[in-house]
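Breakdown of the fold
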Amino acid sequence: MSVKAIYPGTFDPPTNGHIDLIQRGARIFTHLTVAILKNPVKNPLFTVDERVEMLREATRAFPNVAVETFSGLMVEFARREGATAVLRGIRAISDYEYEFQMALMNRRLAPEIETVFLQPAGRYSFIRSSMVKEVFSFGGDVAELVPPNVLKRLQNRMAKV
Ligand SMILES: Nc1ncnc2c1ncn2[C@@H]1O[C@H](COP(=O)(O)OP(=O)(O)OP(=O)(O)O)[C@@H](O)[C@H]1O
Ligand SMILES: [Mg+2]
């Protein structure tokens with residue numbers, strides 16, 4: 001059976017936790033589309049185009065993974081992609097409440113699409129993009145938290161500020 005999935009998120013910036021989840025998803029699903037939400041409300045560090053580039057570079061080794069952007073309802077994007085599964089990560093119980101509500105809302109909107117939760121490797125379970133940005137902005141070492149290409153971009157970005 002062939003199953004297409006999407007992995008939606010903000011990815012500002014992509015972290016090793018995201019890549020770990022993508023790698024796991026790529027093993028389960030026939031095809032996985034990483035879907036970057038174009039959210040006009042948030043104030044991102046990297047543009048959507050930069051995030052597309054970073055994720056494409058960091059997922060080049062996975063032949064069945066693509067990177068796209070979307071706006072509007074996530075389930076509508078999933079339908080357009082022909083996806084029947086949505087991949088989300090659960091780092092800790094604290095993620096679960098919000099993820100559970102979103103999964104049930106999405107099921108109401110699109111009953112044919114299932115949300116699948118995966119857990120990252122333990123060493124990645126504390127990583128979130130917002131914390132990477134905060135630690136890096138105060139001079140903390142994030143080399144083990146993000147892929148090398150993302151680290152380079154962070155260094156270039158902060159050098160300009
Ligand atoms: N370290 C991680 N391990 C497993 N899943 C993760 C990890 N970081 C994020 N995810 C999951 O990836 C999806 C997209 O997350 P999102 O784009 O919000 O990243 P984030 O790291 O949580 O960033 P932010 O701090 O901006 O919320 C969510 O399902 C989230 O739970
Ligand atoms: Mg988040």
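Check the entry above for the structure.
All of the points below concern the structure found in this document. (Residues numbered from 1 in each chain as written. Chains lettered and ligands numbered in written order. Predicted model: local features only at pLDDT ≥ 70, side-chain atom pairs only at ≥ 80, totals over all residues. Heavy atoms only, no water.)

What to know about the packing of aromatic side chains
Enumeration over the complete set of coordinates arrives at four aromatic pairs. Where Phe70 meets Phe77, the ring centres are 5.2 Å apart and the plane angle is 25 degrees; that geometry is what we call stacked. Across this residue pair, the class does not change: Phe70 and Phe77 are buried. Judged by centre distance (6.1 Å) and plane angle (65 degrees), the rings of Tyr96 and Phe117 are edge-to-face. Of this pair, Tyr96 sits in helix H4 (residues 93-109) while Phe117 sits in strand E5 (residues 114-118), and the two are 21 residues apart along the sequence. Of the residues examined, Tyr96 reaches a relative accessible area of 37% and is grouped as partly exposed. Given the relative accessible area of 23%, Phe117 is considered partly exposed. An aromatic cluster of three or more residues is present, and its members are Tyr96, Phe100 and Phe117. (Phe/Tyr/Trp six-rings, centres within 6.5 Å; stacked < 30°, edge-to-face > 60°. Buried < 20%, exposed > 50% of the residue type's maximum accessible area, 1.4 Å probe, protein only. Helix = DSSP H or I, 4+ residues; strand = E, 2+ residues; numbered from the N terminus.)

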